[in-house]
Amino acid sequence: MILNANVGGIDSVARIVAGVVLIGLAATGTIGMWGWIGVVPLATGLSGWCPAYLPFGLSTCKMKK
């Protein structure tokens, strides 16, 4: 199964930053164990694909001409 990218540039950067911040806060004990959920936006930002977008047909990637 080939996964088509559905996470665009700004969306990807925002996910990566949010994921790193959450993981960092969890690692330092600032926000507790729930901060490890930052792995999800980090992974989707790095991969460029978000499974939650599929049911809604969403994509933040630029349209190809």
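Parameters and conventions
Residues numbered from 1 in each chain as written. Predicted model: local features only at pLDDT ≥ 70, side-chain atom pairs only at ≥ 80, totals over all residues. Heavy atoms only, no water. Helix = DSSP H or I, 4+ residues; strand = E, 2+ residues; numbered from the N terminus. Buried < 20%, exposed > 50% of the residue type's maximum accessible area, 1.4 Å probe, protein only. Contact = heavy atoms within 4.5 Å. Areas by Shrake-Rupley, 256 points an atom, 1.4 Å probe, with all protein chains shown as cover. Salt bridge = Lys/Arg side-chain N within 4 Å of Asp/Glu carboxyl O. Polar contact = N/O pair within 3.5 Å; in protein donor to acceptor, adjacent residues only side chain to side chain.

Novice: When you look at the overall build of the protein chain in this model, what are you seeing that I'm missing?
Specialist: Summing up its helical and strand segments, the protein chain has 2 helices and 0 strands in all. Dimensions of the protein chain, computed from the C-alpha atoms along their principal axes, are close to 45 × 20 × 20 Å. Residue burial in the protein chain is summarised as follows: out of 65 residues, 28% are buried. Counting contacts in the protein chain only where the partners sit at least 6 residues apart, residues at least 24 apart contribute 60% of the total. Surface exposure of the protein chain reaches about 4800 Å², of which carbon and sulfur atoms provide 74%.

Novice: Looking at this model, I keep getting lost on the pattern of salt bridges. Mind explaining?
Specialist: Note on pairing: side chains with opposite charge can pair once their charged atoms come close. Tallied over the full model, the rule gives 1 salt bridge. Between Asp11 and Arg15 there is a salt bridge; the shortest N-O distance is 3.0 Å. Of this pair, Asp11 and Arg15 both sit in helix α1 (residues 9–27), 4 residues apart, which is roughly one turn of the helix. Neither residue differs from the other here; Asp11 and Arg15 are each classed as buried.

Novice: Explain the environment of Asn6 to me, please; I cannot follow it from the model alone.
Specialist: Mapped onto the elements, Asn6 comes out in the segment before α1. By relative accessible area, Asn6 is classed as buried at 5%. It is 28 Å that separates the C-alpha atoms of Asn6 and Leu25, two residues lying 19 residues apart in sequence. Here Asn6 is in contact with Gly48, Trp49, Cys50, Tyr53, Leu54, Leu58, Ser59, Thr60 and Cys61, once residues within four sequence places are set aside. In terms of polar contacts, Asn6 uses its side chain to reach the backbone amide nitrogen of Cys50, at 2.7 Å.

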